[in-house]
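What the coordinates show
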Amino acid sequence: MVEAFYADESLFAVVRTFMTLDTSVLKPPDGFIEIANRLEQAGFKAWAVGGAVRAACGGGKGKREEDWDIATEARPEEVGNLFSRTVPIGVEHGTIGVLCHDDLYEVTTFRRDVKTDGRHAQVTFADSIEEDLARRDFTINAIAWRPRTGDVRDPFDGVSDFDDRVLRAVGTAARRFKEDYLRVLRGMRFAGRFDLKLEESTANAMREAVGGLPRLSAERVREELMKVLTDQTPSSALCLYTEFDVLPHWYPELVNASSSHEIWDASFDAIDAISCRHPFVRLARWLIQTGEDAVVRRAASLSLLNRLKFSNAQRGVIGNLVEHYLPFVNALDSPKRHRQWLSEVGESWRDVIRLHVADARSAKLERRESDILVIWRLLHQEKLQNHPLKVQDLDINGDDILKLGVPPGPMVGFLLEHLLKKVLEDPRKNTCETLIAETRHLFELGVVPESLSSDA
Ligand code: ATP
Ligand code: MG
């Protein structure tokens, strides 16, 4: 927005000159154009809305690949009749997926909310793009462009807000957050992503609405977090999570850590230093704050990940990273120690290194960073040797051990673990004969681990 000051007889008046969208920077993909043209030819207005249009604000600077969503007056069944390759994404909300040039585009009929409860909206179809824009969350997200005519609709001055670096709710902020509490988190993400200041009434309403966050479904909160973690600098939104007291509601395991400001801020710098291609590694870096002890922080992280309904596989990967972050290895450690570490960490070893590189880089410890790169090279060389690192790599298996007369049960696993330890110390021992001899020896000595003997 451009402000001009006029000297009038008695007072200074501020005249707002509103910005308009520079549509020349909008470059829709062919699939979008084809779908919009087909809708228009059939007599239905088709508008681009959301992220793709927002990306043109500020002349498209900092533009990222956005989804080109279409809003139209055509009803879902009419969209279905016009296109042969469709997917029912959310028919009850008026959204049909249309496949074009191997991309999926979301085509949504203009909507109006009829009933909201803080987490779901009951919608009805609307007749105009203006009505549709009025139900959107923030002014910068409520801009529409109609490629057929070049028309722009920006009823809430989202382009000016973007230009002024302001995030403002559409309409009465407090009401909008109460309709759907996810908007609180979305607002923090957009403010963080585009480095926008929260407009005062939006910020106040956000602060008040934070108490409604527990009403959201875990899935939506998780998806929102993952979007933050794939942004360029997640720390900005995560700082707002901290500042606005989001943590006690969904991330209580991190509340204690957030009070040690220096360490907390350092962890944010480290998160930003990890590539956005590794959002789970970024998440692990955040969760590492849950405890100094490896077992404690793993347990705390798993409880948080459980609450957010991460899948078993995701919990496994992230929990492993959090646990094995420390102790780390040194370049001067023996190859034996490197093998032991690789064996403990398993498939996540590269990600643990990424965590340490990010720590060093964000703290501007250049020497440490180059040391870690040396460690990386040494570990990589160790991996290339293909030495056994897990029980499955041994030249002997459970059946071989049973054949030696060992009774089925936990003893078999114990013996295999023991053999792996020996092989990690000296990989030359990984031959069937040596391992059988070692097993016999142990068995004849009657070596039984304490945990097993006490079970018996
Ligand atoms: P991103 O895809 O990066 O999250 P986006 O703005 O494209 O950003 P989407 O979630 O893809 O966000 O939604 C597309 C548009 O739909 C938004 O720009 C906004 O206008 C509207 N929208 C999405 N979620 C909500 C919501 N919870 N409340 C109101 N409007 C919403
Ligand atoms: Mg989007």
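Overview of the structure.

Cut-offs and rules
- Residues numbered from 1 in each chain as written.
- Chains lettered and ligands numbered in written order.
- Predicted model: local features only at pLDDT ≥ 70, side-chain atom pairs only at ≥ 80, totals over all residues.
- Heavy atoms only, no water.
- Helix = DSSP H or I, 4+ residues; strand = E, 2+ residues; numbered from the N terminus.
- Rg over C-alpha atoms; globule rule 2.2 N^0.38 Å.
- Buried < 20%, exposed > 50% of the residue type's maximum accessible area, 1.4 Å probe, protein only.
- Contact = heavy atoms within 4.5 Å.
- Arc of directions from axis to C-beta.
- Near = heavy atom within 4 Å.
- Polar contact = N/O pair within 3.5 Å; in protein donor to acceptor, adjacent residues only side chain to side chain.
- Areas by Shrake-Rupley, 256 points an atom, 1.4 Å probe, with all protein chains shown as cover.
- Nonpolar A, V, L, I, M, F, W, Y, C, P; charged D, E, K, R; others polar.
- Pairing = 2+ DSSP bridges.
- Axes fitted to C-alpha atoms, helices over the stretch in contact; angles between N-to-C directions.
- Parallel < 35°, antiparallel > 145°, perpendicular 65-115°, else oblique.
- Core = buried A, V, L, I, M, F, W, Y, C linked by side-chain atoms within 4.5 Å.
- Phe/Tyr/Trp six-rings, centres within 6.5 Å; stacked < 30°, edge-to-face > 60°.
- Salt bridge = Lys/Arg side-chain N within 4 Å of Asp/Glu carboxyl O.

Turning to the overall build of the protein chain, a few remarks are in order. What the protein chain contains, in helices and strands, is 23 helices and 13 strands. Compactness check: the protein chain gives a C-alpha radius of gyration of 29 Å against a globular reference of 23 Å for 456 residues, more than 25% above the reference. Projected onto the principal axes, the alpha-carbon positions of the protein chain cover approximately 100 × 60 × 40 Å. Going through the 456 residues of the protein chain one by one, you find that 47% of them count as buried. Across the protein chain, contacts joining residues at least 24 apart in sequence account for 65% of those joining residues at least 6 apart.

Below, the discussion takes up helix H8 (residues 200–209). Of the positions making up H8, those classed as buried are Thr202, Ala203, Ala205, Met206 and Ala209. Taken end-on, H8 shows its buried residues confined to a sector of 165 degrees, consistent with a single buried face. Exposed side chains of H8 directed beyond 90 degrees from the buried face belong to Glu200 and Glu208. On the buried face of H8, the contacting elements are strand S12 (166–167), helix H6 (173–179), helix H7 (182–194) and strand S13 (197–198).

This brings us to the site of ligand 1. Around ligand 1 sit 16 residues, and of these Arg54, Asn141, Arg183, Arg189 and Arg193 come closest. With respect to ligand 1, the backbone of glycine 51 contributes an N or O atom lying 3.3 Å from an oxygen atom. Within the side chain of arginine 186, one N or O atom sits 3.0 Å away from an oxygen atom of ligand 1. Relative to its unbound accessible area of 570 Å², ligand 1 is 83% covered by the protein chains. Residue assignment for the shell around ligand 1 shows that the elements contributing at least two residues are helix H2 (51–54) and H7. No other element matches the five residues that H7 contributes to the shell around ligand 1. Looking at side-chain class alone, the shell around ligand 1 contains one nonpolar, three polar and 12 charged residues.

On to the pairing of strand S9 (residues 121–125), then. The two faces of the sheet receive side chains in turn, since in a regular strand these alternate between them. One ladder, built from five bridges, connects strand S8 (residues 111–116) with S9; its direction is antiparallel. Of the residues in S9, the one forming a bridge with arginine 112 is threonine 124.

Turning next to the packing of helix H17 (residues 335–345) against helix H21 (residues 410–425). The packing of two helices is summarised by the inter-axis angle and the distance between the axes. Orientation of H17 relative to H21, taken along the N-to-C sense of each, is 140 degrees, at an axis distance of 8 Å. The angle between the axes of H17 and H21 places the two elements in the oblique class. Here H17 contributes Lys336, Arg339, Gln340 and Ser343 to the contact with H21, which in turn contributes Leu420, Leu424 and Glu425. Its residues assigned to classes, the contact of H17 with H21 shows two nonpolar, two polar and three charged.

Another aspect to go through is the nonpolar core. Core analysis: the biggest nonpolar cluster contains 115 residues, and Leu39, Tyr241, Tyr251 and Trp286 have the highest contact counts within it. For this core, the element with the most residues is H21, which contributes eight residues. Of all hydrophobic cores here, the second largest spans 10 residues; its members include Trp47, Ile129, Leu133 and Ala142.

Turning our attention to unusual backbone geometry. Geometrically, the link from leucine 326 to proline 327 is a cis peptide bond, its omega value of 0 degrees lying close to zero. Its location among the elements puts proline 327 in the loop between helix H16 (312–324) and H17. Its identity is not glycine, yet aspartate 195 carries a phi of approximately 55 degrees, on the positive side. Within the chain, asparagine 386 stands out as a residue other than glycine whose phi angle is a positive 60 degrees. As for its placement among the helices and strands, asparagine 386 is situated in the loop between helix H19 (366–384) and helix H20 (398–403).

Turning our attention to the packing of helix H18 (residues 349–362) against H19. Contact geometry for H18 and H19: axes closest at 9 Å, N-to-C directions at 170 degrees. What the angle tells us is that H18 and H19 run roughly antiparallel. Contact residues: Trp349, Arg350, Ile353, Arg354, His356, Val357, Ala360 and Arg361 in H18; Arg368, Glu369, Ile372, Leu373, Trp376, Leu379, His380 and Lys383 in H19.

All right, on to helix H14 (residues 279–287) then. Extensive coverage of H14 is indicated by the burial of eight of its nine residues. Along H14, the positions that sit buried rather than exposed are Pro279, Val281, Arg282, Leu283, Ala284, Arg285, Trp286 and Leu287.

Considering all chains together, one arrives at 12 aromatic pairs under this definition. Judged by centre distance (6.4 Å) and plane angle (75 degrees), the rings of phenylalanine 280 and phenylalanine 310 are edge-to-face. Of this pair, phenylalanine 280 sits in helix H14 while phenylalanine 310 is found in the loop between helix H15 (294–307) and H16, placing the two residues 30 residues apart along the sequence. The exposure class of phenylalanine 310 is buried, given its relative accessible area of 3%.

Another aspect to go through is the pattern of salt bridges. If the charged atoms of two oppositely charged side chains come close together, the side chains can form a pair. Per the stated rule, a full pass over the model turns up 23 salt bridges. A salt bridge links glutamate 224 to arginine 189; the shortest N-O distance between them is 2.4 Å. Residue glutamate 224 is found in helix H9 (residues 218–229), and its partner arginine 189 is found in helix H7; the two are separated by 35 residues along the sequence. Each member of the pair, glutamate 224 together with arginine 189, is buried.

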